[in-house]
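Examination of the molecular architecture
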Amino acid sequence: MNVHAAVTDDVLDLYRELILDHARSPRHFGRLANATHKARGINPLCGDKICVYLCIDDNARIEAISFDGSGCAISVASASLLTDAIIGLSADRAETIFSAVTERLTDGGKGQPGNIDVELDRPLEKIRALDGVREFPSRVKCATLAWHALRSALRQDAQPATTE
Amino acid sequence: MSHAQRQPAVAAVDWRKDFPILNQSVNGQPLVYLDSAASAQQPASVIDAVARYQREDHANVHRGVHTLSHRATDAYEGARDKIREFINAANRSEIVLTSGTTESINLVAQSFCRPRIASGDKILITHLEHHANIVPWQLVCEQTGAELVVAPIDDHGQLELETLRSMMTKDVFLLAVGHVSNALGTVNPVKDIIAHAKQCGIPVLVDGAQGVPHMPVDVQDLDCDFYAFSGHKMFGPTGTGVLYGRETLLDSMPPYQGGGDMILEVSFESTIYNELPYKFEAGTPNISGVVGLGAAIDYLQSVGMQRIAAYEADLHQYMLLKLGQVDDIHLIGTAVNKASVQSFLLGDIHSHDLGTILDHQGVAIRTGHHCAMPVMTRFGISGTARASLAFYNNTDDVDRLVAALEKARQVFK
Ligand SMILES: Cc1ncc(COP(=O)(O)O)c(C=O)c1O
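Residues numbered from 1 in each chain as written. Chains lettered and ligands numbered in written order. Predicted model: local features only at pLDDT ≥ 70, side-chain atom pairs only at ≥ 80, totals over all residues. Heavy atoms only, no water.

Below, the discussion takes up the sheet that holds strand β9 (residues 226-230) of chain B. All names here are of chain B. Taken in spatial order, the 7 strands of this open sheet run β4-β10-β9-β8-β7-β5-β6, and their pairing is mixed. The sheet is open, and its two borders are formed by β4 (95-98) and β6 (147-151), each paired with just one other strand. Each strand axis lies, on average, 20° off the axis of its neighbour in the sheet, ignoring direction. Examined bridge by bridge, strand β5 (residues 122-126) and β6 share 5 bridges and lie parallel to one another. Opposite I123, over in β6, you have L148 as the bridge partner. Against the sheet, helix α3 (residues 67-86) contacts β4, β9 and β10 (241-245), and its axis sits at roughly 120° relative to β4. (Pairing = 2+ DSSP bridges. Helix = DSSP H or I, 4+ residues; strand = E, 2+ residues; numbered from the N terminus. Axes fitted to C-alpha atoms, helices over the stretch in contact; angles between N-to-C directions. Contact = heavy atoms within 4.5 Å.)

A few words on the pattern of salt bridges. Oppositely charged side chains can form a pair if their charged atoms are brought close together. Taken as a whole and judged by the stated rule, the model has 28 salt bridges over all chains. Measuring nitrogen to oxygen at the nearest pair gives 3.6 Å for the salt bridge that ties A:D131 to A:R134. On the basis of relative accessible area, A:R134 is assigned to the partly exposed category, the value being 24%. B:D171 is the partner of B:K122 in a salt bridge, and the nearest nitrogen-oxygen pair spans 3.3 Å. (Salt bridge = Lys/Arg side-chain N within 4 Å of Asp/Glu carboxyl O. Buried < 20%, exposed > 50% of the residue type's maximum accessible area, 1.4 Å probe, protein only.)

In this section: the environment of B:R246. All names here are of chain B. The residue R246 is located in the loop between β10 and α9 (247-252) in this model. C-alpha of R246 to C-alpha of G120: the two residues are 126 residues apart in sequence and 26 Å apart in space. With sequence-adjacent residues up to four places away left out, R246 is seen in contact with E94, K198, D223, C224 and D225. Side chain to side chain, R246 and D223 meet in a polar contact 3.0 Å long. (Polar contact = N/O pair within 3.5 Å; in protein donor to acceptor, adjacent residues only side chain to side chain.)

Residues and elements named next belong to chain B. Counted by the stated rule, this structure contains 15 aromatic pairs over all chains. An angle of 90° between the planes, with centres 5.6 Å apart, marks the rings of F19 and Y299 as edge-to-face. With a gap of 280 residues between them, F19 in the loop between α1 (3-6) and β1 (25-26) and Y299 in helix α10 (residues 287-303) connect regions that are remote in the sequence. Judged by its relative accessible area of 1%, F19 falls in the buried class. (Phe/Tyr/Trp six-rings, centres within 6.5 Å; stacked < 30°, edge-to-face > 60°.)

A word on the interface of chain A and chain B. The partner chain B presents 17 residues to the 24 residues of chain A that form the contact. Across the chain A/chain B interface, buried area totals approximately 1,800 Å², and carbon plus sulfur atoms make up 58% of it. Our count for the contact surface shared by chain A and chain B stands at 1 salt bridge. A:R139 is the partner of B:D353 in a salt bridge, and the nearest nitrogen-oxygen pair spans 2.8 Å. It is helix α1 (residues 9-14) of chain A that provides the largest number of residues to the side of chain A that touches chain B, a total of 4 residues. Broken down by class, the residue content of the side of chain A that touches chain B amounts to 16 nonpolar, 4 polar and 4 charged. (Buried area = accessible area lost by both parts, 1.4 Å probe. Nonpolar A, V, L, I, M, F, W, Y, C, P; charged D, E, K, R; others polar.)

Here the focus is the site of the ligand. All names here are of chain B. As a matter of local geometry, the ligand sits amid G100, T101, T102, H130, A132, N182, D207, A209, Q210, S230, H232 and K233. At a separation of 3.4 Å, an oxygen atom of the ligand approaches a polar backbone atom of T101. Between an oxygen atom of the ligand and a side-chain N or O atom of S230, the distance comes to 2.7 Å. Here the ligand loses 85% of its free accessible area of 400 Å² to cover by the protein chains. (Near = heavy atom within 4 Å. Areas by Shrake-Rupley, 256 points an atom, 1.4 Å probe, with all protein chains shown as cover.)

What follows concerns the packing of helix α2 (residues 44-57) of chain B against α3(B). Residue and element names in this part refer to chain B. Packing of α2 against α3 brings their axes to within 10 Å, and their N-to-C directions diverge by 160°. Overall, the two elements α2 and α3 adopt an arrangement that is roughly antiparallel. As α2 runs across α3, the sense of the crossing is left-handed. On the side of α2, the interface is formed by Y53, E56 and D57, while α3 contributes L68, R71, A72 and A75. Of the residues in the contact of α2 with α3, the class split is 4 nonpolar, no polar and 3 charged. (Parallel < 35°, antiparallel > 145°, perpendicular 65-115°, else oblique. Left-handed = near helix turned anticlockwise from the far one by under 90°.)

Here's what the structure looks like:
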């Protein structure tokens, strides 16, 4: 046995079952033909590209959502989890969740987990599966890419979102 | 495991001990550094030479009558002489010191091409190039109306030489070709390519960023017009680089940047430029870095480039053998003639995920597009994992890589 080849718990935590499942079978994958809002997210460092499509109805409710693009397991799983979490919510609520998730995954979130957990109430708890990236600073941007694209789509930004 | 598999023919001298950074643990495991193609590590002799220069000799170069300025100038110009000898340039005036390969290539694009290339002319490159040997030519094409044309590669990542030759037409102003591909490790037959270009009257720039660290380079033997490379890929400091240029060509080119050091006499009416190579070295240079580059060359000469090439060839064979035994691995870049660089994919695992899992076992590889997006596009992929070896790597490093890949397969099973 090679003693040097142990995979740490951190890695197993990062690539937990739920993440691998969403990476391999992403939910709401593809273009939304009748999208009212859409935006691309690009991670210039690694070339990951995610496009988020929204269909927002007259009551500012996100009635449909999808994404396409290519990226690593973390960015695809994160996008997939995002679509599950956001569908059916109001645009305002989606903005709030964007802030909660990005704060949670970046250093800022570590200081005030109590606050943020309030935002991640029961229907959203799967997003916690992304928490593993907090131990991997170089991968946080993969996890937040789709979320930045979501916010750009909500705000109808002309420029693609980047995680920079 | 058989004896023949384990033992490379060229015995490994313990060069590793000369590189202090390699003696550390990363994420709880002894570091295995397999990313020298991105930036090579520095031997203690380079680190010490830079520190000694900073402690004892530093002043500005070419400007003072005082002792330190003399010492700094001697150290800086001494490094230029070492570089000249290292690549066997005919004259020290042909060694322009730059910040790296990127600047060297931009210098040629702007000072050699831009003033004389005409709309309708072509700049010929290949599909293997690093962005640094693509974008500067695109810029000059935009500025002048010239056209960028690209010679194709085959499925092994080798240049299609027949096609390349057929593309060397009268309207080609310059051929810019990499010596060794950073993404795939392909060693191009630059000497033959240059010989053919000469027959067609086409000047040639060689991007040698990945050539110089792996093999002896003789610019006169190659008969190239320009040869560009970076200090940090050849075990020297970052922010240093070289443009070798044939003297007659450099002489005929206008300066790249204006400033101090590149002039003989300045008045508001006119300025007389300094002689070669100073005409192309405006402003205070990276003196300590260049001193370090000189020390890197001393170190490489003491090891011997032939010996490095032979050792790395064996180690590369060993790596190919071991990688070939990993299930679900797909090697990208299978040219006959290769430097010790191997790109690969493992099953359907994205290269960034692979990079993270390997890093957590102390194994540093490069992942992504390697600043060669067109190469990736050619293979219909967005990126690869890449292991690049230097002479400070050994068979244990390769074994650790393979064990780490097996673990990655388990995580993603
Ligand atoms: C083949 C090749 N050309 C050019 C460059 C650019 O070198 P630098 O970034 O040191 O200017 C590199 C470095 O990655 C390279 O591998």
